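Fold and contact review
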Amino acid sequence: MNRQKPSEKHLVLIGGGHSHAIALRQFALHPLAGVRIILISEQINTPYSGMLPGHIAGHYTAADCHIDLQLLTQAVPAQFYVDRAIALDLEEQRVICANHPPVPFDGVSIDIGSTPQLPQGTGILDYGVPVKPWQQFLQEWQQVIDQVTQHPDQPLSLGIVGGGAGGVELALTIQHRLHQILQGAHQPLNHLTMHLFHRGTQVMTGHNATIRDRFHQILMARGIHLHLQETVVQIDGDQMVCESGLRVGCDRSFWVTGAAAPSWLKESGLSTDEQGFIQVGSTLQSLSHPQVLAAGDIAAMVVSPRPKAGVFAVRQGKPLAANLRRLLQGKSLQAYQPQSRFLSLISTGDRKALLSWGSLAFDHESAGLWRWKDAIDRQFMAQFRRLPARLPRHLAMGK
Ligand SMILES: Cc1cc2nc3c(=O)[nH]c(=O)nc-3n(C[C@H](O)[C@H](O)[C@H](O)COP(=O)(O)OP(=O)(O)OC[C@H]3O[C@@H](n4cnc5c(N)ncnc54)[C@H](O)[C@@H]3O)c2cc1C
C-alpha cells in the first residue's frame, strides 16, 4: 500500500458507474493535488448502458461495451479496491466494505446504480433473473444462448417482466439474437416464444404517445405476446402467475421492473427518499451529510427530479468531478441544472432505431438512426481508451 502523507486528504468513490467513470477521467486529465483517490467497485469492467442492448443482440462484444476501471484508476492514479461497500460510518467518516478494512474519507461519492425491484412473491426471488447486476444477468443470458445453440430443436419460452424502455429493448434484442441462432441451425423461429408482462396500459412509460404506440405495433408484429395490465406475483414451476389469475408458461424470466436502492444507505443515516435513494441537492451533495455526494441512478435530485437513465448519470460526471474537487479544496460547491429533455435513440434489436425527444418522435425503424447511435456510443467509449500515461499496476491496485 502507498505510504500516506500526513496532509493528504482522502476521496473515496463507491461504485464504478457512469458518473464515476467520467469523474475519474476528469481526475486523470486534471490531477487533484494533495488528494488520495480510492475507487471501491465490485466489478473491474463496468458496463455502458447505451451499448448493452446491442451486446445482447450480438452487435457488440463484451469489450466494446465495458469500461476498464483498472485502466482508469491507473491513469489518475487512484487506488482500486475490487470490493462491495456494505455500510457507511458517517460519524467516523469511513466506508465499510465486505472484504477490506474500513476506508477513511474526507469526502465520499456514491454511484452504485440501482437494481430491479423483485416482488416478494413465491418463487420470484428464486427463479426470476433481475437484469441487474449485469454480470449475473449476462451469465444467465449466456446459458440461454448455449441452450439454444446446443438444442435448437427444443422449444423455449421466455418471459420479460417490465414494459419500460429497458424491458422492451431487452425483449426485442433477445428475440433478434435467438432468431439468428435458430436460423443458423435451420430451425423454425416458432421454437422461441416470448412474453412481455407490463402492469401499465401501454409499454414505454415515460416516452411520448407516438413512441409508445409504435413500439406496441413493433412488438405485436414480431410476435411477442404482450400482457398489459398484468402484474406477475408468483413463479410456480414453469408458470408465471399474475394477480389477475393469468398463468403463462415460461422456462425463464428476466425482470426489468422499477428501480430499487440497497437498504444500507438509509441504515447508515443518509437522508433518502421513499424508495431508499440518496436525496441530493443541486450540488449533488447529500441533504443530510454535505461530505457525501451522489450521482447516477442512486441519487434522487430533489430540486430537479429526473428519470433513472444512463444519460443523466453520464451528464452528472463532470459537475460531480468539479464539485468533489471544490469540496476537497474547501471551496463552495456549484449548482448543477440537469437538462429537462433528452434525446433517446431506441434500438429495435435489428440494427435499426427510433428517435424520441420530449414530445417529438421519428417513429420509422431507421438503419441511419442506428448508425448514428452506434457512432455516438463508440465515441463515448473511445474516450476511456485515450488516457494519459499510466502508473505501474502495483501502485494503482489496492491490496
Ligand atoms: C435493459 C436496460 C437497457 C437500458 N438502456 C439504456 C439506454 O439505452 N440509455 C440510458 O440512458 N439508460 C438505459 N438504461 C438505464 C441505465 O442502465 C441506468 O440508468 C444506468 O446504468 C445508471 O448508471 P449508474 O452510473 O447510476 O450506475 P450503473 O451503471 O448501474 O453502475 C453502478 C456500478 O456500481 C457497482 N456497485 C453497485 N453496488 C456497489 C457496492 N455496494 N459497492 C461497490 N460497487 C457497487 C456496480 O457493480 C456497477 O459497476 C437501461 C437499463 C436497462 C435495464
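Remember, predicted model here, so these are calculated numbers, not experimental data.

Once that is clear, we can look at helix 6 (residues 165-184). When the terminal C-alpha atoms of helix 6 are compared, their 29 Å separation across 20 residues agrees well with the 28 Å that a helix rising 1.5 Å per residue should span. The element helix 6 is largely enclosed, with a buried count of 14 among its 20 residues. Positioned one or two residues after helix 6, H186 has a phi angle of 55 degrees, which is positive.

Within the structure shown, the criterion is met by 6 aromatic pairs. Arranged with centres 5.4 Å apart and planes meeting at 75 degrees, the rings of F380 and F384 form a pair that is edge-to-face. Among the residues examined, F380 registers a relative accessible area of 11% and is labelled buried. Ring pairing ties together the aromatic residues Y48, F380 and F384, which thus form one cluster. K308 extends its terminal NZ or CZ atom over the ring of F277, reaching a point 4.0 Å from the ring centre.

Here the focus is a nonpolar patch on the surface. On the surface, a nonpolar cluster with roughly 440 Å² of combined accessible area is contributed by L343, W357, L360, W372 and I376. Within the secondary structure, W357 is located in strand 24 (residues 353-357).

Near the ligand there are 32 residues, and of these H18, A85, D111, D297 and G310 occur at the shortest range. E42 is positioned with one of its side-chain polar atoms (N or O) 3.1 Å from an oxygen atom of the ligand. The fraction of the free accessible surface of the ligand (1000 Å²) that becomes covered by protein chains is 87%. Those elements that place two or more of their residues in the shell around the ligand are helix 1 (18-29), strand 2 (35-41), helix 6 and helix 9 (310-328). By residue number, the principal contributor to the shell around the ligand is helix 9, which donates 3 residues. Residue composition of the shell around the ligand, grouped by class: 10 nonpolar, 14 polar and 8 charged. Composition of the shell around the ligand by domain shows at least three residues from each of domain 1 (9-114 + 261-340 + 370-396) and domain 2 (116-259).

As a further point, take the pattern of salt bridges. Here the structure, examined in full by the defined rule, presents 9 salt bridges. Between R214 and E365 there is a salt bridge, with its nearest N and O atoms 3.2 Å apart. Of the two residues, R214 is situated in helix 7 (residues 209-221) and E365 in strand 25 (residues 360-366); the sequence distance between them amounts to 151 residues. Look at E365 and you get partly exposed, because its relative accessible area is 28%.

Turning our eyes to something else, we now look at the side chain of H66. Locating H66 in the fold gives a position in strand 4 (residues 66-68). For H66, a relative accessible area of 12% corresponds to the buried category. There is a polar contact of 2.7 Å between the side chain of H66 and the backbone oxygen of A62. Look past the residues within four positions of H66 in its chain and what remains in contact with it is N45, T46, P47, L52, Q135, L138 and M381.

You can read the domains of the protein as domain 1 (9-114 + 261-340 + 370-396) and domain 2 (116-259). For domain 1 versus domain 2, the distance between C-alpha centres works out to 30 Å. Contact with domain 1, which involves 15 residues of that partner, is made by 13 residues of domain 2. Of the roughly 1300 Å² buried where domain 1 meets domain 2, counting both sides, 65% is carbon and sulfur surface. The largest per-residue losses of area from domain 1 upon contact with domain 2 belong to P53, I56 and S114, which jointly make up 42% of the total buried on that side. Here domain 1 is connected to domain 2 by 2 residue pairs in polar contact (both at pLDDT 80 or more). Broken down by secondary-structure element, the contributors of at least two residues to the side of domain 1 that touches domain 2 are strand 3 (45-47) and helix 2 (52-57). Of the residues belonging to the side of domain 1 that touches domain 2, the class tally is 6 nonpolar, 7 polar and 2 charged.

About the criteria used
- Residues numbered from 1 in each chain as written.
- Predicted model: local features only at pLDDT ≥ 70, side-chain atom pairs only at ≥ 80, totals over all residues.
- Heavy atoms only, no water.
- Helix = DSSP H or I, 4+ residues; strand = E, 2+ residues; numbered from the N terminus.
- Expected span 1.5 Å × (residues − 1).
- Buried < 20%, exposed > 50% of the residue type's maximum accessible area, 1.4 Å probe, protein only.
- Phe/Tyr/Trp six-rings, centres within 6.5 Å; stacked < 30°, edge-to-face > 60°.
- Lys NZ or Arg CZ within 6 Å of the ring centre and 35° of its normal.
- Patch = residues over 30% accessible without salt bridge, like charges linked within 9 Å, V, L, I, M, F, W, Y side chains within 5 Å.
- Areas by Shrake-Rupley, 256 points an atom, 1.4 Å probe, with all protein chains shown as cover.
- Salt bridge = Lys/Arg side-chain N within 4 Å of Asp/Glu carboxyl O.
- Near = heavy atom within 4 Å.
- Polar contact = N/O pair within 3.5 Å; in protein donor to acceptor, adjacent residues only side chain to side chain.
- Nonpolar A, V, L, I, M, F, W, Y, C, P; charged D, E, K, R; others polar.
- Domains from an automatic or database assignment.
- Contact = heavy atoms within 4.5 Å.
- Buried area = accessible area lost by both parts, 1.4 Å probe.

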